[in-house]
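For reference, the chains in residue letters:
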Amino acid sequence: MTEISDLLKELDEEIKKGNYIRAEAISKSLGRTENEVRGLRIKAFKQLILEFRNYQGAYEIAKDYNFSKEEINKILDEVIKEADEKKILDKRQFDIKTMKYLSLREWIKEYFKK
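## A word on unusual backbone geometry
At step 1: A positive phi angle, near 65°, is found at K87, a position not held by glycine.
At step 2: Positioned with a positive phi, M99 is a non-glycine residue whose angle comes to about 60°.
At step 3: With respect to the secondary-structure elements, M99 resides in the loop between β1 (92–95) and β2 (100–103).

This is the structure we're talking about:
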């Protein structure tokens, strides 16, 4: 196999696994445009919030991906809508910073001041 076909295979595997940050990096190494990798960037940002509640990670990739405040707010609105549809918006999870159990809505409000 060629290097490009290996990378395409790896890209497909990473997307299937939900490793969006790695998939975005592979896409960039394949020379894809910013518009082509945007969807992976949004998925990575959402994943850090929805699945991991990792503010530091979300903050860093938002900075790395040059998301504007408006883009972040739009994505957060999408996260809230998706979480509500999945019935996980009010799911409480322990937060080490506040030392409290927070719903996703409360967590977003705490960290993103939204």
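Now that the structure has been shown, we can carry on.
## Some details on the pattern of salt bridges
At step 1: Summed over the entire model, instances satisfying the criterion amount to 11 salt bridges.
At step 2: Measuring nitrogen to oxygen at the nearest pair gives 4.0 Å for the salt bridge that ties K74 to E78. On the criterion of helical spacing, the pair formed by K74 and E78 is a turn pair, its members being 4 residues apart in helix α5 (residues 69–85).
At step 3: We classify E78 as partly exposed; its relative accessible area is 27%.
At step 4: Among the ionic pairs, E106 bridges to R92, the shortest N-O distance being 3.1 Å. Within this pair, whereas E106 is found in helix α6 (residues 104–112), its partner R92 is found in strand β1, the two being separated by 14 residues in sequence.
At step 5: R92 gets classed as partly exposed once you look at its relative accessible area, which sits at 46%.

## Describing the side chain of E24
At step 1: Tracing the sequence through the fold places E24 in helix α2 (residues 20–29).
At step 2: Taking relative accessible area as the criterion, E24 reaches 6% and is therefore assigned buried.

## Observations regarding α5
At step 1: Counted at 1.5 Å a residue, the expected span for α5 with its 17 residues is 24 Å, and the 24 Å between its end C-alpha atoms agrees.
At step 2: Residues of α5 that are buried include every one of I72, I75, L76, V79 and A83, and no others. Viewed end-on, α5 has its buried residues packed into an arc of 105°, placing them on one side of the element. With respect to the buried face of α5, the exposed residues turned more than 90 degrees away are E70, K74, K81 and E85.
At step 3: Of the residues one or two after α5, K87 is the one with positive phi, at around 65°.

## A word on the packing of aromatic side chains
At step 1: Under the criterion given, the structure shown has 9 aromatic pairs.
At step 2: Considering the side-chain rings of W107 and F112, the 6.0 Å spacing of their centres and the 65° angle between planes classify their relative orientation as edge-to-face. The same class applies to W107 and to F112, which are both buried.
At step 3: A connected cluster of aromatic rings, assembled from ring pairs, spans F45, Y55, Y59, Y65, F67, W107, Y111 and F112.
At step 4: Residue placement shows K97 over the ring face of Y111; its charged tip is 4.9 Å from the ring centre.

## Observations concerning the side chain of S103
At step 1: In this structure, S103 sits in strand β2.
At step 2: Look at S103 and you get buried, because its relative accessible area is 4%.
At step 3: If near-sequence neighbours (up to four positions away) are discounted, S103 is found in contact with R53, L89, D90, K91 and R92.

What counts and what doesn't
Residues numbered from 1 in each chain as written. Predicted model: local features only at pLDDT ≥ 70, side-chain atom pairs only at ≥ 80, totals over all residues. Heavy atoms only, no water. Helix = DSSP H or I, 4+ residues; strand = E, 2+ residues; numbered from the N terminus. Salt bridge = Lys/Arg side-chain N within 4 Å of Asp/Glu carboxyl O. Buried < 20%, exposed > 50% of the residue type's maximum accessible area, 1.4 Å probe, protein only. Expected span 1.5 Å × (residues − 1). Arc of directions from axis to C-beta. Phe/Tyr/Trp six-rings, centres within 6.5 Å; stacked < 30°, edge-to-face > 60°. Lys NZ or Arg CZ within 6 Å of the ring centre and 35° of its normal. Contact = heavy atoms within 4.5 Å.

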